[in-house]
Amino acid sequence: MSSALTDLCRYPIVQAPMAGGVSCPQLVAAVAEAGGLGFLAAGYKTADGMYNEIKQLRRLTGQPFGVNLFMPQPDLADPSAVEVYRHQLAGEAAWYETPLGDPDSHGDDGYEAKLAILLEDPVPVVSFTFGCPTRDTLDALAGVGTYTVVTVTTPEEAQVAQWAGADAVCVQGVEAGGHQSAFRDDPQTDGSGTGLLSLVAQVRETVQVPVIAAGGIMRGSQIAAVLAVGAEAAQLGTAFLICPESGAHLLHKQALTNPLFARTVLTRAFSGRPARGLVNRFVREHGSYAPAAYPQVHHVTSGLRKAAAKAGDAQGMALWAGQGHRMARELPAGRLTVLLAEELDAARAAVSTRSKQ
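Here is what the cut-offs are and how they apply
- Residues numbered from 1 in each chain as written.
- Predicted model: local features only at pLDDT ≥ 70, side-chain atom pairs only at ≥ 80, totals over all residues.
- Heavy atoms only, no water.
- Pairing = 2+ DSSP bridges.
- Helix = DSSP H or I, 4+ residues; strand = E, 2+ residues; numbered from the N terminus.
- Buried < 20%, exposed > 50% of the residue type's maximum accessible area, 1.4 Å probe, protein only.
- Contact = heavy atoms within 4.5 Å.
- Polar contact = N/O pair within 3.5 Å; in protein donor to acceptor, adjacent residues only side chain to side chain.

S.K.: Just to check I follow, could you spell out the sheet that holds strand β11 (residues 275–278) for this structure?
M.R.: In a beta sheet, neighbouring strands pair by backbone hydrogen bonds and run either parallel or antiparallel. Read from one edge to the other, the open sheet built from three strands follows the order β7-β11-β10, with strand pairing classed as antiparallel. With partners counted over all chains shown, the strands left at the sheet margins are β7 (178–179) and β10 (264–267), one partner each. Relative to β11, β7 runs antiparallel, the two being bridged by two bridges. Across the sheet, residue G178 finds its bridge partner in β11, namely R276.

S.K.: Explain unusual backbone geometry to me, please; I cannot follow it from the model alone.
M.R.: Of the consecutive residues Y294 and P295, the connecting peptide bond is found in the cis state with omega at 5°. Along the chain, the position of P295 falls in the loop between α13 (281–286) and α14 (296–310). Backbone geometry at E97 places phi at a positive 55°, although glycine is not the residue there. Secondary-structure assignment places E97 in the loop between α5 (90–96) and α6 (111–120). Looking at E97, the relative accessible area reads 74%, which means it is exposed.

S.K.: Sorry if this is basic, but what is going on with the environment of V152 here?
M.R.: By secondary structure assignment, the location of V152 is in strand β5 (residues 147–152). The spatial distance from the C-alpha of V152 to the C-alpha of P291 is 23 Å, given a sequence separation of 139 residues. Not counting residues within four places of it along the chain, the set of residues in contact with V152 comprises E157, A158, A161, V169, C170, V171, Q172 and F183.

S.K.: Explain the environment of H249 here, please?
M.R.: Of note, H249 is situated in the loop between α11 (238–241) and α12 (250–256). Classification of H249 by relative accessible area gives partly exposed; the value is 34%. For H249 and G312, which are 63 residues apart along the polypeptide, the C-alpha to C-alpha distance reads 9.9 Å. When neighbours within four sequence positions are excluded, H249 is seen to be in contact with A309 and M317.

S.K.: Mind showing me how you'd approach the pairing of strand β4 (residues 125–129) here?
M.R.: Regular strands place side chains that alternate from one sheet face to the opposite one. Most of β4 is tucked away: five of the five residues are buried. The alternating pattern of β4 places V125, S127 and T129 on one face and V126 and F128 on the opposite face, and all of these are buried. Taken together, the five bridges between strand β3 (residues 65–70) and β4 define a ladder with parallel strand orientation. The residue bridging V67 from the neighbouring strand is V126, located in β4. When β4 meets β5, the two strands line up parallel, connected through four bridges. Among the inter-strand pairings, V126 is bridged to a residue of β5, identified as T148.

S.K.: Please explain the side chain of T264 as it appears in this structure.
M.R.: Along the chain, T264 turns up in strand β10. For T264, a relative accessible area of 13% gives the class buried. For T264, the side chain forms a polar contact with the side chain of R276, separated by 3.1 Å. When sequence neighbours within four positions are dropped, the list of residues in contact with T264 reads R276, G277, L278, V279, A321, G322, Q323 and H325.

Any functional reading would require information beyond the geometric quantities listed.
Here it is, written out as structure tokens:
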């Protein structure tokens, strides 16, 4: 690991920021106390909501942690396509007895207000999703002592992040659960993502900044693999989603290992942006019709997802999960962090032993 990342955590293990309430202060604190680097997810929260969670987290741990921000998105959505999708979802609204949401609400996710708070009251790490901040923004964060990470999905995006002044990049393979963090949401590239090991190797040959690898990692042996191809740390989301400290809905946690949900797929059905989740009825019925319209579709389906959860119906929920979801282990987050570190050590020792034979 690079010295800067080494200073942030004892183990090269990062708990991914999972928006929607999953990455709550309790989860982040448990990971941080055990020697990993935990992340709060500021996405879909108000600026005040983010700050309240930061204050709560600071009461739970004195260890370093990170906060993840969603970059503002250009309004490229076709309003007529969104309206057509709304009509298609009318049956869902009737079934769950809840109205469809306003597609034009909360467009920028409070980015500037959240950034102002993080500059006034700095946290150890800030990462960015769905794009790259300006050099002025990254320089300002550096000026208050904050380590910055930009999530990328291609070597070209990694170059942009390095040129802008990011301290590190989080390289997201196509195996990752939740939203793909491409800088530009281009429907023509749907389904063309790169696997994590290949992507990490390509990025390492393209940029000089440290790499955090993310996508489908569930075991310490997989952490060893991404470190072997050039990453300084591994970021895990789905592995921590099932932990008791996670804020994920119980139905979501149960679905990860339920044989009824056998596979994942990248879908625009719930948000209008490609995101990997378990295939359920909603994805099967609506995934092929959802337009490229984020966050408009996210707002349209918000009430439906909440109503499905309230009704105990996992078939109508957004069950975000990476490709390794069936390997999830229901362990306390601190214990899982230590176990992953132990598995990493064992994998490294096994490689060392074989190399000497």
